[in-house]
Amino acid sequence: MSIHIEAAEAVVHWNARLVRLITQRENAVFEIALPDARAALRLHRPGYQSEATIRSELWWCAALAAAGVAVPAALPAQDGHLLVRLRGGGIASVIAWVEGAPLGEGGKAFDAPLPVVLDRHRKLGQLLAAVHSATDLLAFPADFTRPRWDIEGLLGEQPFWGRFWEHPLATPSQAATLRAARVFLRNRLAQSLGDFGPIHADVLCENVIVNGGSLSLIDFDDSGMGFRLYDLGTALVQSVYEPAYDQMRDALVAGYAETRPVTPGQVDVFTLARACASVGWVAPRLAANDPIHRSHLARAVMWAEKTIA
């Protein structure tokens, strides 16, 4: 069944109409028009998250939005449920629309002047601290369940995103560096780098929305239980080649450190953790000739050599 047919079926449950397809990268996301507002319809990719984990994600986002954090709330269907099971077996949900434009695009330099980029990174640090602090005050339901971005989930025998050190296109030298990075990260993460709890886990530029002087965080599809500072690492992994990386990292850290403890060195470690995880993610998902394989391998190896040294 095509995603457009599924979307047409789904919007009926929210008394809405389809406007346009926004992206079909992971979930298929459509802009829709509710009777009184714009919203985003998500058709969840089969086989990734269960109904229970999606429901938990939506509960968390709704609770954060209710607490005043800049994240989109889940919008219930006409029957009051947050999830709808479609005739073909797919799952649909709707979240509030977030106005603005992405902070940037992976693989491309920021197009804003450096002072603006640094200010936005400082505000992103503040936003991530707000997400974590507001989360700490929530009373989670007993059936809340999300994947675990802990040591085993990142670096165990069966990491959530795959055995990055065994990427089939890695050269012997790259594979050796990735194995060394795995050992290094296991040792460092065992030292309890910061606190642990629900995290976004995918703070890429595309998931940070800029609207004037404010930022919002979207797409909690990969969220789970993990090291809080992993969120800062994911926010920087696309920028490790930027000449102003240190300034961007320091601005992010400064914003976060206004209310929660963190050091630049800790963030560099979690940037490496995300760079390695991304190698594992692309291995089974992209065609063998996709250039992203080699660029992700090169990025992880470069950052490992820099960080381990």
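Residue positions within a chain follow its written sequence, with the count starting from 1. Totals for whole chains, interfaces and linings use every residue, but because this is a predicted model, local features are given only for residues with pLDDT of at least 70 and side-chain atom pairs only at 80 or more, for both listing and counting. The side-chain numbers reported here are obtained from all heavy atoms of the structure, hydrogens and water having been left aside.

**Student:** Can you tell me about the overall build of the chain, naming the residues and giving the values?
**Tutor:** Secondary structure elements are taken from DSSP: a helix is a run of H or I of four residues or more, a strand is a run of E of two residues or more, and numbering for both begins at the N terminus. Check the secondary structure of the chain and you find nine helices and eleven strands. Taking 19 Å as the expected radius of gyration for a compact globule of 309 residues, we find that the chain reaches 19 Å, a close match to that expectation. Dimensions along the principal axes, computed over C-alpha positions, put the chain at roughly 55 × 40 × 40 Å. A total of 309 residues make up the chain; the buried ones form 53% of that total. Throughout, a residue-residue contact means that at least one pair of heavy atoms, one from each residue, lies within 4.5 Å. Considering only contacts in the chain between residues 6 or more positions apart, those separated by 24 or more positions represent 70%. With an accessible surface of roughly 13,400 Å², the chain has 56% of that area assigned to carbon and sulfur atoms. A radius of gyration in this sense is built from C-alpha atoms; the matching globule rule multiplies 2.2 Å by the number of residues raised to 0.38. Residue burial is assigned from relative accessible area. The probe radius is 1.4 Å, only protein chains are included, and a residue is buried under 20% of its type maximum, exposed over 50%, and partly exposed in between. Areas reported here follow the Shrake-Rupley algorithm with a probe of radius 1.4 Å; residue values treat only the protein chains shown as occluding.

**Student:** Please give an account of the sheet that holds strand E6 (residues 101-102) that cites residues and values.
**Tutor:** Note on pairing: two strands pair once DSSP finds at least 2 bridges between them. Strand order in the open sheet made by the three strands is E6-E9-E10, with antiparallel pairing throughout. Sheet topology places E6 and strand E10 (214-217) at the edges, where each strand pairs with a single neighbour. In the sheet, strand E9 (residues 208-211) pairs with E10 via four bridges, with the strands oriented antiparallel. By the bridge assignment, Val-208 is partnered in E10 with Leu-217.

**Student:** An account of the pattern of salt bridges is needed here, citing residue identities and associated values.
**Tutor:** Salt bridge, as used here: a side-chain nitrogen of Lys or Arg that lies within 4 Å of a carboxyl oxygen of Asp or Glu. For the structure shown, the criterion picks out 25 salt bridges. Linking Arg-20 and Glu-31 is a salt bridge whose minimum nitrogen-to-oxygen distance equals 2.6 Å. Here Arg-20, found in strand E1 (residues 17-23), pairs with Glu-31, found in strand E2 (residues 28-33); they are eleven residues apart in sequence, far enough to count as distant. The exposure class assigned to Arg-20 is partly exposed, which follows from its relative accessible area of 40%.

**Student:** Which residues make up unusual backbone geometry, and what values do they have?
**Tutor:** With phi around 55°, Asn-15 is a residue other than glycine that occupies positive phi space. Checked against the element boundaries, Asn-15 lands in the loop between helix H1 (3-12) and E1. Positive phi values are uncommon outside glycine, yet Asp-219 reaches one of about 60°.

**Student:** Give a description of the nonpolar core that names residues and reports values.
**Tutor:** Think of a nonpolar core as a cluster: buried Ala, Val, Leu, Ile, Met, Phe, Trp, Tyr and Cys residues, connected wherever their side-chain atoms sit within 4.5 Å. Leu-124, Leu-178, Leu-185, Leu-189, Leu-217 and Tyr-230 are the most contacted members of the largest nonpolar core, which totals 75 residues. When residues in this core are grouped by element, the largest group, eleven residues, is from helix H8 (residues 264-285).

**Student:** Give me empty space enclosed by the protein: which residues, what numbers.
**Tutor:** The distinction between a cavity and a pocket rests on a 1 Å grid over the protein atoms alone: a 1.4 Å probe fits inside a cavity but cannot get out, while a pocket stays open yet meets protein on both sides within 12 Å along at least five of seven lines, and a residue with an atom within 4 Å of a point counts as lining. Grid points are joined across faces, edges and corners, and a volume is the space filled by probe spheres set on the points. Enumeration over the complete set of coordinates arrives at two cavities of 30 Å³ or more. In this structure, the largest cavity occupies an estimated 40 Å³ of space. Along its surface, the largest cavity is lined by Arg-42, Glu-57, Leu-58, Cys-61, Pro-72, Ile-95, Asp-219 and Phe-220. Ranked by residues supplied to the lining of the largest cavity, first place goes to helix H2 (residues 51-66) with three residues. Lining the second largest cavity are Glu-105, Gly-106, Gly-107, Lys-108, Phe-110, Cys-205, Gln-238, Ser-239 and Glu-242.

**Student:** Hey, could you go over the environment of Ala-235 for me, with residue numbers and the actual values?
**Tutor:** Tracing the backbone shows Ala-235 in helix H6 (residues 230-236). Overall, the relative accessible area of 4% leaves Ala-235 in the buried class. Ala-235 has contacts with Leu-124, Val-203 and Leu-252, leaving out every residue within four places of it along the chain.

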